[in-house]
Structures are given as C-alpha cells and as structure tokens.
Amino acid sequence: MIYLDNASSTKPSKECLDAFYEASLNSFYNPNSIHGPAMKLFNEINRIKDNFLKKLKLDTSYEVIFTSGASESNNLAIIGYALRNKNRGNKLITTKIEHESVLNVFKYLETQGFQVSYLNVDENGKINVNEFEKIIDSQTILVSIMPVNNEIGCILNVKDIKEIIKKYPKCVLHCDCAQTLGKENFDYSLSDLITISAHKIYGIKGIGALIKKKKILLNPIIYGGGQENGLRSGTLDYPSIVSFNVSLNNAIANFDKNYKNIKVLQGFLLNELSKIEEVSLNSNSNCSPYIINFSLKSKKASVIVEALSNHEIYCSSVSACNSKKEEPSYVLLSLGKTMKEAFNSIRLSLSKDTTLEECEKFIEIFKEILSTIRG
C-alpha cells in the first residue's frame, strides 16, 4: 500500500496508541471527580496544557481548551467570539479558500446579522494587502485566515495581515492551523485564536484543541457541566489528551528532520509531474511540501484516483470533506483556475513515513494508468 492522503488523516503512531491504551486501561477516572485519582488526572491535564503552550512558544497569556477536533475548535472560536462580542461590531473577514468548517460557520453567522467579507487570493494563495486594508474598519471584530491551505498547500501571508489588524484593537485573528502544526514554521503568537487537531500529526481522531488568549471572551457552543472554564462542557477525555500530547511532542521534536525529507519528495514529484503533458500543476515549490495538487487536462480525476486505488495507491481528487460530492474545487476556482481544472484535480499529501521509492512507484503506475484510460 502507498498512502498519499495524509492531509485527510495520518496513521496514528504506535507511541501515541500505546499512550492511549495505557491511559484508557489505568486512568479511566473522570478528571472532574473530587477523589484522589481523578484529581491527579486533572492536574496532569493542566501540565499537558502548559506543555502545549511551551511547544508552540506561547506565553501564559494563552490557554488551551480541548475539543473533539478542528471542526469544533473552528466553530467555538468563530461563533463563540462573534456572538459574545456582537455589541462591539458586526463585521467579519475570512478568505475564499478556507476549510469548510470555517466557511460554513461564516455562512451561518450571516443569517445571524453579521456582515462577512470573503477575500480573494492570488494564484499563489496570497491576500492582497491593499484590498484587506480597504475592507477592515472599526466595526470588524474577527478575521479568520489559515496559514496553510489544505487542498494545494499554499502559504498565506498571515504576518502581513496581522500588522494591519493591530491597528484595530477590537479585532482578533483566528488561524485554522490543522495543516500547519508540525509541517510549517509558523509564529503562533500572531494568532489570538488557534485551531489544532491530533489526527493530522499521527494522533488519533476525536481530539483537538482551541488555544486562545485568556482575555478573549467566548460564548460556549456546547452546554452542560461547565468543563474547560465553562467553554466546552463534557467529560475530559484523558486518554485522548495524553495521546495528543505524545503526537504534539513528536511533531515538534522531529520537525526539521521530517521537513527536510519531505522537501526532497516534493521536489521529485513536482519535477516528474511537470514532465507529463496531461498534468497541470496547481502547487509549486513555495507551497507546503506536504501537499501537491495538480489537474488533469483530458482525463477524469475521479477515474484516475479509482484506478490508482485498484493498485493500492491512495490519494484524493478533492479535500476529503468534499470527496463524496460531484462539485468542483472551490479553492481552485478562487485561485483563478478554470471550471475544468477545478473538477479534475488530484491531491497528493505526504507524511513523515512516505519514501522516495513510494513516490517513484506512484509516478510509474500513474503514467501507466494515463496511457491506458481514455479521456
């Protein structure tokens, strides 16, 4: 098997699974109970939260809220902030290439009386700073921008946008860092609200976090027992939190080694794909090396992906969140690609475990399939 769909989900590491299993078996208590073993878990969760801040080079002005994953974190950050601070302004800004768990939240907030501006990006995924300056004003309370796009890997100019936001004290910046953590160097202190997820960094599904500045007030979107300072009710999942901590530690510790190896694979794949007449590249060497996106000129991407799957080579034709829909990639359309290119894109996403031999095999089989399948 050759797995090239890591932007969708990574394979959990054995170390992560061992930590989850051990904690599930021996530390099954509810951390909010008041007996000794439970209180010990509660204190350990707080130590893990401190470690998260340390690893992301954030100071104690931030706090960590554990959630079920990136989608919930994005919802809590955006809805929670917008509804809590509606009296301060009703304007919100995001980009047209955000993940659906961000875009659909903004569409919901439009029904709640908020005015949302969706920014264009250029072919490299960069925001026009002059356009942004014309849109933001004293009634803007929230901007949400992903540092790394999940479909083509383009790196957005978050730092440039943050410099402008600083001029508006009522406005905060949210960054969906699901595809950033462990994969790109990023100054997390640029963000006021940060979304991360475990299963993108060789952890298990069902656990994520929203990291935010303590001074920022949010409305909860889940009500119950008032856990996580009243912002995310529900029994804290200690085994998942422990395993997430293992994944985070490994992602940070091995960042340089992994990035160097993946950069070599990116160079190989971009070079080989550029030689194929049927292929039109959507990603380039300035994108995150973990994601390579291209369109087919005459073949149907979904057919090619299925054919690759028959050879036990697994990739995707669009973001996994859209893979069951017969729709063009809204990301590629926003980047100025044609409707045909947006319908016919393929995404390869690499991991720390991807090898050059696997990439060579992919190119070999891909060429064979292109030569045998009719347009």
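Residues numbered from 1 in each chain as written. Predicted model: local features only at pLDDT ≥ 70, side-chain atom pairs only at ≥ 80, totals over all residues. Heavy atoms only, no water.

Trainee: So what about the pairing of strand S4 (residues 115–119)? Which residues, and what values?
Mentor: Along any regular strand the residues' side chains alternate between the sheet's two faces. In this structure, strand S3 (residues 91–95) lies alongside S4, joined through five bridges in parallel fashion. Within S4, the position partnered with Thr-94 by the bridge is Tyr-118. Once the chain exits S3 it traverses helix H4 (residues 100–110) before rejoining the sheet at S4, and the crossover so formed is right-handed. (Pairing = 2+ DSSP bridges. Helix = DSSP H or I, 4+ residues; strand = E, 2+ residues; numbered from the N terminus. Right-handed = clockwise from strand over helix to strand, strands pointing away.)

Trainee: Got a sec to walk through the sheet that holds strand S12 (residues 345–349)? Specific residues and values, please.
Mentor: Spatial strand order, S9-S10-S12: three strands in an open sheet with antiparallel pairing. A single partner strand is all that each edge strand has here, and the edge strands are strand S9 (279–281) and S12. In this sheet, adjacent strand axes meet at a mean angle of 30 degrees when their direction is disregarded. By the bridge criterion, five bridges tie strand S10 (residues 291–296) to S12 in an arrangement that is antiparallel. Across the sheet, Ile-291 pairs through a bridge with Ser-349, a residue of S12. Where helix H9 (residues 301–310) meets the sheet, it contacts S10 and S12, and its direction lies at approximately 40 degrees from that of S12. (Axes fitted to C-alpha atoms, helices over the stretch in contact; angles between N-to-C directions. Contact = heavy atoms within 4.5 Å.)

Trainee: Kindly report on the nonpolar core, identifying the contributing residues and their values.
Mentor: In this structure, Phe-66, Phe-132, Val-143, Ile-196, Ile-211 and Phe-244 are the most contacted members of the largest nonpolar core, which totals 59 residues. With seven residues, the single largest contributor to this core is helix H7 (residues 238–253). With near-sequence residues (within four places) excluded, Phe-66 lies in contact with Ile-45, Ile-48, Lys-49, Phe-52, Ile-207, Gly-208, Ala-209, Glu-228, Arg-232, Ile-241 and Phe-244. Judged by nonpolar contacts, the second largest core, of 34 residues, contains Val-279, Tyr-290, Ala-307 and Leu-350. (Core = buried A, V, L, I, M, F, W, Y, C linked by side-chain atoms within 4.5 Å. Buried < 20%, exposed > 50% of the residue type's maximum accessible area, 1.4 Å probe, protein only.)

Trainee: Can you lay out the confidence of the model for the protein for me, pointing to particular residues and giving the numbers?
Mentor: Considering every residue of the protein, the mean pLDDT works out to 94; 97% of them sit at 70 or more. Contacts from residues 319–323, a stretch scored under 50 in pLDDT, to residues over four places away or in other chains number 11 contacts. (pLDDT = per-residue confidence, 0-100.)

Trainee: Could you give an account of helix H3 (residues 70–84), naming the residues involved and the relevant values?
Mentor: With 15 residues, H3 extends 20 Å between its outermost C-alpha atoms, agreeing within 8% with the 21 Å of an ideal straight helix rising 1.5 Å per residue. When H3 is considered as a whole, its buried residues turn out to be Ala-70, Glu-72, Ser-73, Asn-74, Leu-76, Ala-77, Ile-78, Ile-79, Gly-80, Tyr-81 and Ala-82. (Expected span 1.5 Å × (residues − 1).)

Trainee: Got a sec to walk through the packing of aromatic side chains? Specific residues and values, please.
Mentor: Overall, the coordinates contain eight aromatic pairs when judged by the stated rule. Here a set of aromatic residues connected by ring pairs shows up, and it is made of Phe-52, Phe-66 and Phe-244. Taking the ring centre of Phe-114 as reference, the NZ or CZ of Lys-86 above it sits at 5.1 Å. When the ring centre of Tyr-202 is taken as reference, the NZ or CZ atom of Lys-352 above it lies at 4.8 Å. (Phe/Tyr/Trp six-rings, centres within 6.5 Å; stacked < 30°, edge-to-face > 60°. Lys NZ or Arg CZ within 6 Å of the ring centre and 35° of its normal.)

Trainee: I'd like a description of the packing of helix H2 (residues 36–55) against H7, backed by residues and values.
Mentor: Here H2 crosses H7 at 25 degrees, and the two axes come no closer than 10 Å. Our classification of the angle between H2 and H7 gives roughly parallel. Crossing handedness for the pair H2 and H7: left-handed. Residues Leu-41, Glu-44, Ile-45, Ile-48, Asn-51, Phe-52 and Lys-55 of H2 form the contact with H7, whose participating residues are Tyr-238, Ile-241, Val-242, Phe-244, Asn-245, Leu-248, Asn-249 and Ile-252. Along the lines of polarity and charge, the residues of the contact of H2 with H7 split into 10 nonpolar, three polar and two charged. (Parallel < 35°, antiparallel > 145°, perpendicular 65-115°, else oblique. Left-handed = near helix turned anticlockwise from the far one by under 90°. Nonpolar A, V, L, I, M, F, W, Y, C, P; charged D, E, K, R; others polar.)

Trainee: Account for unusual backbone geometry, with residues named and values stated.
Mentor: Residues apart from glycine generally show negative phi values, whereas peptide bonds are mostly found in trans. Even without being glycine, Tyr-202 reaches a positive phi, approximately 70 degrees. Among the secondary structure elements, Tyr-202 is positioned in the loop between strand S7 (193–197) and strand S8 (208–213). With a relative accessible area of 10%, Tyr-202 lands in the buried category. With a phi close to 55 degrees, Glu-228 is a non-glycine residue in the positive phi region. On the secondary structure map, Glu-228 appears in the loop between S8 and H7.

Trainee: An account of helix H12 (residues 356–372) is needed here, citing residue identities and associated values.
Mentor: End to end, H12 covers 25 Å across 17 residues, agreeing with the expected 24 Å (1.5 Å per residue, within 8%). Three or more residues of H12 are buried, namely Cys-359, Phe-362, Ile-363, Ile-365, Phe-366, Ile-369 and Leu-370. Each element contacted by the buried residues of H12 is listed here: helix H8 (255–274), S9, S10, H9, strand S11 (313–314) and S12.

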